[in-house]
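Geometric and topological summary
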Amino acid sequence: MTDKLIIFDTTLRDGEQSPGASMTRDEKLRIARQLERLRVDVIEAGFAASSNGDFEAVQLIANTIKDATVCSLSRANDRDISRAAEALKGANRARIHTFIATSPLHMEKKLRMTPDQVFEQAKQAVRFARNLVDDIEFSPEDGYRSDVDFLCRVLEAVIKEGATTINVPDTVGYAIPELYGNFIKTLRERIPNSDKAIWSVHCHNDLGMAVANSLAGVKIGGARQVECTINGLGERAGNCSLEEVVMAVKTRRDYFGLDLGIDTRHILAASRMVSQTTGFVVQPNKAVVGANAFAHASGIHQDGVLKARDTYEIMRAEDVGWTANKIVLGKLSGRNAFKQRLQELGVQLDSESEINAAFTRFKELADRKSEIFDEDILALVSEENLTNEKEQYGFVSLSQHSETGERPEATIVFTVDGKEVRSASEGNGPVDASMKAIESHVKSGAEMVLYSVNAISGSTESQGEVTVRLQNSGRVVNGVGADPDIVVASAKAYLSALNKLQSKADRVAAQG
Ligand code: KIV
Ligand code: ZN
């Protein structure tokens, strides 16, 4: 047993299965790069056999990421496994993660297979995969609700076939910490060759215990890999949250006695990137990454923290990437100061032209907003395609009129393939009017399934960050826009979503 806890991030696979959270290849690559900065050990990049889009996303990530192991999920059949191996060809370190359900309910009702058939298929899949790559993870889906004798039989057999990691999913979030921890412990004690594999936990959050269950799997069960997602993103109530599990193990090293490879200073940027990309807003009181996680509002707490910070703080805010909510730059700041601040925030722009474009946006913002916070800079660079190259739609300007008792109206100027168009409409409110003005020209027919506004730095002077989720012909996309004027931010978000709908990039299909 080693003393290192492996962090296996599945934001791009299990997290992405959350309805509405599907991402484009480029979005996935951006997040994968941030996960690499965070130094996660394994990135589950997708489910290569599930769609061409997912295959390409796994391939792109495998070809780009250098430090982390890149993994693809795969059902337990030769076709899926071959696709996974093909997509992972360019990876420095590749892992195939193959799974088949083992609970009586799943085998009988979903797979319509007998336990013996499942046993044979699991063995055959691992044997096949092991001929293609060395690093094989096997998951008995719905493992926690499986018969323990049967599970021992399957897991012993797949370890013999060469599985190097055994992951025990609580697929439906049914476990209780002590019981789950003991379940892992029992499996490890009863399976004769259990020491030949690394044991892993994978918990869903349906009863709000995914993090607690994972930690119990580590502490009681002896697991040395945790599968988790940024912000706990995932289907239904989500997965085990990476930031919580990591900070629990780090903060309570006295109890867990485990090392982590994670550079926790990149946690907050990862959280923001995932939230902005998917439109899944982080609740203010969310541990570690919520806006209030380190805010001490009560006078007694403030007094205590000022005298000695550990009176009320168990973690240092800066250790997870928070900086004091201070004014960092202003209108007179130059390009070098801006570039340096980007570096301090861990933001890596790919080219000088992107830095120039971001700096131009920064200057425009500084003209309208005297105080520029780190949050503003992060929002500014998180707008995709900073240089607006090759995008079909681009925002130019907007005017709107609203007055009590009158129907609001908006006129928007935007570019379509580089040519300016002007469109006007009325609406229920100024935001509605501006969206209708765009739609009356574009005629996308898309249905808006989410609209949300968030004040980036928490006051009325801050920029509004708007997420718009559009659905059309089975595709769901998110657009994000930021501006001190929330009507403009909304229009930008709508245009960004339309660009994604129009983009030729395959959407990555959510997996059932
Ligand atoms: O929750 C689950 O069972 C899974 C498996 C595919 C590992 O995500
Ligand atoms: Zn899962």
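These lines cover the structure that appears in this document, whether it is placed above or below. (Residues numbered from 1 in each chain as written. Chains lettered and ligands numbered in written order. Predicted model: local features only at pLDDT ≥ 70, side-chain atom pairs only at ≥ 80, totals over all residues. Heavy atoms only, no water.)

Within the protein chain, the secondary structure is distributed over 17 helices and 16 strands. Relative to a compact globule of 512 residues, whose C-alpha radius of gyration would be 24 Å, the protein chain shows 24 Å and is just as compact. With the C-alpha coordinates aligned to their principal axes, the bounding extent of the protein chain is approximately 75 × 60 × 45 Å. Restricting the contact set of the protein chain to residue pairs at least 6 apart, pairs at least 24 apart contribute 67%. Surface summary for the protein chain: the accessible area is close to 21,900 Å², and the carbon and sulfur share equals 49%. Taking the 61 positively charged and 72 negatively charged side chains of the protein chain as two groups, their mean positions are separated by 3 Å. (Helix = DSSP H or I, 4+ residues; strand = E, 2+ residues; numbered from the N terminus. Rg over C-alpha atoms; globule rule 2.2 N^0.38 Å. Contact = heavy atoms within 4.5 Å. Areas by Shrake-Rupley, 256 points an atom, 1.4 Å probe, with all protein chains shown as cover. Lys, Arg positive; Asp, Glu negative; His and termini not counted. Charge placed at Lys NZ, Arg CZ, Asp CG, Glu CD.)

It is worth spelling out the site of ligand 1 at this point. Around ligand 1 lies a shell formed by Arg 13, Asp 14, His 97, Phe 99, Ser 139, Glu 141, Asn 167, Pro 169, Thr 171, His 202 and His 204. Taking Thr 171, its side chain carries an N or O atom lying 2.6 Å from an oxygen atom of ligand 1. Isolated, ligand 1 exposes 260 Å² of accessible area, and the fraction of that covered by the protein chains is 95%. Secondary structure elements with two or more residues in the shell around ligand 1: strand 4 (94-101), strand 5 (135-141) and strand 6 (165-170). Counted by class, the shell around ligand 1 contains 2 nonpolar, 6 polar and 3 charged residues. (Near = heavy atom within 4 Å. Polar contact = N/O pair within 3.5 Å; in protein donor to acceptor, adjacent residues only side chain to side chain. Nonpolar A, V, L, I, M, F, W, Y, C, P; charged D, E, K, R; others polar.)

This part is about helix 11 (residues 267-278). When the terminal C-alpha atoms of helix 11 are compared, their 17 Å separation across 12 residues agrees well with the 16 Å that a helix rising 1.5 Å per residue should span. The buried fraction of helix 11 is high, at 11 of 12 residues. Every buried residue of helix 11 is listed here: Ile 267, Leu 268, Ala 269, Ala 270, Ser 271, Met 273, Val 274, Ser 275, Gln 276, Thr 277 and Thr 278. (Expected span 1.5 Å × (residues − 1). Buried < 20%, exposed > 50% of the residue type's maximum accessible area, 1.4 Å probe, protein only.)

Quick look at the coordination of the zinc ion (ligand 2) now. Donor atoms from the polypeptide that bind the zinc ion (ligand 2) are Asp 14 (OD), His 202 (NE2) and His 204 (NE2), placed at 2.0 to 2.2 Å. Written as a sequence motif, the donor residues of the zinc ion (ligand 2) are D-x187-H-x1-H. Across this residue pair, the class does not change: His 202 and His 204 are buried. (Donors = N, O, S within 2.8 Å, 3.2 Å for Na, K, Ca; no water.)

A few words now on the environment of Gly 238. Within the secondary structure layout, Gly 238 lies in the loop between strand 8 (225-228) and helix 9 (242-251). Assessed through its relative accessible area of 1%, Gly 238 is described here as buried. Sequence spacing of Gly 238 and Cys 203 is 35 residues, and the spatial spacing of their C-alpha atoms is 9.0 Å. Every residue in contact with Gly 238, bar those within four places of it in the chain, is listed here: His 204, Asn 205, Gly 232 and Leu 233.

Quick look at the pattern of salt bridges now. Taken as a whole, this structure holds 34 salt bridges when the rule is applied. The partner of Lys 500 in a salt bridge is Glu 27, with the nearest N and O atoms 2.3 Å apart. Note that Lys 500 is positioned in helix 17 (residues 486-502) and Glu 27 in helix 1 (residues 25-38), a separation of 473 residues in sequence. According to the relative accessible area criterion, Lys 500 is buried, its value standing at 8%. Note that Asp 206 and Arg 236 form a salt bridge whose closest N and O atoms lie 2.6 Å from each other. Of this pair, Asp 206 sits in the loop between strand 7 (198-203) and helix 8 (210-219) while Arg 236 sits in the loop between strand 8 and helix 9, placing them 30 residues apart in sequence. In the salt-bridge network here, residues are joined through shared partners; they are Arg 13, Asp 14 and Glu 44. (Salt bridge = Lys/Arg side-chain N within 4 Å of Asp/Glu carboxyl O.)

Looking now at the sheet that holds strand 15 (residues 464-472). Read across the open sheet, the 3 strands follow the order 14-15-16; overall the sheet is antiparallel. The strands lining the two open edges of the sheet, one partner per strand, are strand 14 (447-455) and strand 16 (475-483). Shown here is a sheet whose adjacent strand axes are inclined to one another by a mean of 15°, direction ignored. Inspection of the sheet shows strand 14 paired to strand 15 by 8 bridges, in the antiparallel sense. Of the residues in strand 15, the one forming a bridge with Val 453 is Val 466. Each of strand 14, strand 15 and strand 16 is contacted by helix 17, which is oriented at about 145° to strand 16, the strand it contacts most. (Pairing = 2+ DSSP bridges. Axes fitted to C-alpha atoms, helices over the stretch in contact; angles between N-to-C directions.)

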